[in-house]
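# Descriptive analysis of the structure
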Amino acid sequence: MIAFVPKITSLMLFTSFYTANGEDAMGGLRGSVLEKSPDNLQYLVSPDYFVSPESLVSPKSIASPLQQEEISRYVKDRLPEEQLPDARIEIGRFFFGEDDDIDFKFDERTKSFVVMKRFSLEAPAEPADIEAHIVDIEGFKDIDDDHDLDGGVPAHLALSADPVKIENTFKLERGNDIPINVFGTDTRYTFRDTSYPWSTSGRVETAAGFCTGSMVGRRLMLTAAHCINWTANGAGWLKFTPSYYNGDAPFGVAWATNIIHWGGVNGNNGLSNAETARDYAVVVLNKNMGDLTGWAGYRSYSKSWNNLNAWQNIGYPGGMTGTQRPVFSGGGAITSVESHSVSGRTGYVLGNFIDMEGGHSGGPVWGWWAGEGFPRVVGDMSAESANPAYTQSGDNEAGGGPALSYLITWARANYP
């Protein structure tokens, strides 16, 4: 990849403003803890909502991830093992100015609440800016270079290695134009699936547009740094809706309270390779959303995995679904790895030909390992080529590497 050629970010821009109302409390749900089993292997355990050691195969990994055709052989689908937790979820939030004249009423005919305000052409009120924390390298003195992070698998959700396919209404006939960063036949498909791990991914919404994110901790969500609406005071509001589908929010919504990042990413004019190598941010949410959705694990990418058809991706594309429905892509290959220094740590540019377009940014690139009941993220989608081709300069790119492992590890330690 030629370092000085910027690539196009995959943030889906929008111009309308939408907000919502509800409770912040999640009812004190508890997440998983790590315990040692008799054979000295670690399992994700909890007396309440997470699967028992007997329900998980040993998480001791083989050297390489499973390729797409092997996943169903080693990762077995299962039904929920427990009832859904008794929890209240936030489904919406409205923001009003001090002088707004607001009325609420219940419409008996449609069985819905109606919110009315006095007509005005003034800009709507928006949430206040949130804190953005640039991680200090001194905080990583005791962290190993390649720190594996396990996923959390909720017992109240089913588990499936592939999401349930919905027949696409968006079809391209031979000879028609296709999105610029779809290589060959577009194999993505729309899905609606609240089983784990598809429950962990969702739509990211800010005042600047739409992206994709995924849970990587009890209240931690991973997305691309260029998706954040950076401000002079930190960052603007951000809403995350896991398993968002045509306005439906089965797990409710959560709001950002803090952003953990390395800094130095500005996607306004595309991304350089040095920016792509650090194009990730861990968003601290206002509730333990992971207690309901679960979360993915993480592992730093190894160059020995190049060209394996092992990687899955989820995104909310603007062209294919108008960012209203998630799409799945499986069996993708990472074909090149380029290293860059990220605040004294190593970040990777993961070149690939996984189909993507605007709205995919921040979506997880993850794989499965034999003996584990959860996927591990190796990066998040970052940029698409301005001149797509089957070359390293024409590929799509994800950001990852040990620098991302440090970021998630620090966030888990400081925001458990």
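Since this is a predicted model, take the numbers as computed values, not measurements.

Bringing the overall build of the protein into the picture now. Each helix and strand in the protein was counted, giving five helices and 25 strands. Here the protein holds 416 residues, and the buried ones make up 55% of them. Surface summary for the protein: the accessible area is close to 18100 Å², and the carbon and sulfur share equals 50%.

Moving on: the pairing of strand 20 (residues 327-332). Pairing between strand 9 (residues 189-191) and strand 20: two bridges, direction antiparallel. Bridge pairing links Tyr-189 to Phe-328 in strand 20. Pairing of strand 19 (residues 311-315) with strand 20, which is carried by four bridges, proceeds in the antiparallel orientation. The partner of Gly-315 across the bridge, within strand 20, is Val-327.

Before going further, it helps to spend a moment on unusual backbone geometry. A cis amide bond links Tyr-196 to the next residue, Pro-197, at an omega of 5 degrees. Residue placement: Pro-197 occurs in the loop between strand 9 and strand 10 (201-206). Phi at Lys-111 is positive, roughly 55 degrees, even though this residue is not glycine. With respect to the helices and strands, the residue Lys-111 is situated in the loop between strand 5 (102-107) and strand 6 (112-117). Located in the positive-phi region is Ser-243, a residue other than glycine, with phi close to 60 degrees. As for its placement among the helices and strands, Ser-243 is situated in the loop between strand 15 (238-242) and strand 16 (254-261). Assessed through its relative accessible area of 11%, Ser-243 is described here as buried.

So, on to the nonpolar core. Ranked by internal contacts, the top residues of the largest apolar core, which has 40 residues, are Ile-260, Trp-262 and Val-282. Put simply, the parts of the chain that give this core at least two residues each are strand 9, strand 12 (220-223), strand 17 (281-285) and helix 5 (402-414). The element that contributes the greatest number of residues to this core is helix 5, accounting for seven residues. Ignoring anything within four residues of it in the chain, the contact list for Ile-260 reads His-133, Val-135, Ala-281, Val-282, Val-284, Leu-407, Trp-410, Ala-411 and Tyr-415. Ala-224, Cys-227, Val-265 and Leu-271 belong to the second-largest nonpolar core, a separate cluster that totals 26 residues.

Regular strands place their side chains on alternate faces of the sheet. Where strand 5 lies against strand 6, six bridges are found, and the strand directions are antiparallel. Following the sheet pairing, Asp-103 is matched in strand 6 by Met-116. Here strand 5 folds back onto strand 6, and the loop between the two strands holds four residues, one of which, Lys-111, carries a positive phi near 55 degrees.

Looking now at the state of the cysteines. A complete count under the given rule lists one disulfide for this structure. Disulfide pairing is shown between Cys-211 and Cys-227; the S-S distance is 2.1 Å. Between Cys-211 and Cys-227 the disulfide shows an S-S torsion of about -85 degrees. By sign, it is left-handed. Of this pair, Cys-211 sits in strand 11 (residues 209-217) while Cys-227 sits in the loop between strand 12 and strand 13 (230-231), placing them 16 residues apart in sequence. Its relative accessible area of 2% is what places Cys-227 among the buried residues.

Next up on the list: the packing of aromatic side chains. The tally for this structure, following the rule as stated, stands at 14 aromatic pairs. Ring geometry for Trp-305 against Trp-311: centres 6.1 Å apart, planes inclined by 45 degrees, an arrangement best described as tilted. Look at Trp-311 and you get buried, because its relative accessible area is 0%. Grouping aromatic residues by their ring pairs yields a cluster made of Tyr-189, Phe-191, Trp-198, Phe-328 and Trp-366. In this arrangement the basic side chain of Arg-203 is found over the ring face of Tyr-244, its NZ or CZ atom lying 4.0 Å from the centre. For the cation-ring pair, Arg-299 lies above Trp-369, with the distance from its terminal atom to the ring centre recorded as 4.7 Å.

Moving on to the pattern of salt bridges. Tallied over the full model, the rule gives eleven salt bridges. Between Glu-90 and Arg-93 there is a salt bridge; the shortest N-O distance is 2.7 Å. Considered together, Glu-90 and Arg-93 belong to a single accessibility category, that of buried residues. One salt bridge in this structure joins Lys-117 and Asp-100, with 3.5 Å as the shortest N-O distance. Pair noted here: Lys-117 is in strand 6 and Asp-100 is in the loop between helix 1 (68-74) and strand 5, with a separation of 17 residues, a long-range link.

Right, let's talk about a nonpolar patch on the surface for a bit. A surface patch of nonpolar side chains, amounting to about 320 Å² of accessible area, comprises Phe-94, Phe-96 and Phe-104. Position of Phe-94 among the secondary structure elements: in the loop between helix 1 and strand 5.

Per-chain confidence: the protein averages 79 in pLDDT, with 76% of residues scoring 70 or above. Scored below 50 in pLDDT, residues 1-5 shows eleven contacts in the model against residues more than four places distant or in partner chains. A low-confidence stretch, residues 172-180 stays under pLDDT 50, and its non-local contacts, those more than four residues away or across chains, total nine contacts.

Cut-offs and rules
- Residues numbered from 1 in each chain as written.
- Predicted model: local features only at pLDDT ≥ 70, side-chain atom pairs only at ≥ 80, totals over all residues.
- Heavy atoms only, no water.
- Helix = DSSP H or I, 4+ residues; strand = E, 2+ residues; numbered from the N terminus.
- Buried < 20%, exposed > 50% of the residue type's maximum accessible area, 1.4 Å probe, protein only.
- Areas by Shrake-Rupley, 256 points an atom, 1.4 Å probe, with all protein chains shown as cover.
- Pairing = 2+ DSSP bridges.
- Core = buried A, V, L, I, M, F, W, Y, C linked by side-chain atoms within 4.5 Å.
- Contact = heavy atoms within 4.5 Å.
- Disulfide = S-S within 2.5 Å.
- Phe/Tyr/Trp six-rings, centres within 6.5 Å; stacked < 30°, edge-to-face > 60°.
- Lys NZ or Arg CZ within 6 Å of the ring centre and 35° of its normal.
- Salt bridge = Lys/Arg side-chain N within 4 Å of Asp/Glu carboxyl O.
- Patch = residues over 30% accessible without salt bridge, like charges linked within 9 Å, V, L, I, M, F, W, Y side chains within 5 Å.
- pLDDT = per-residue confidence, 0-100.

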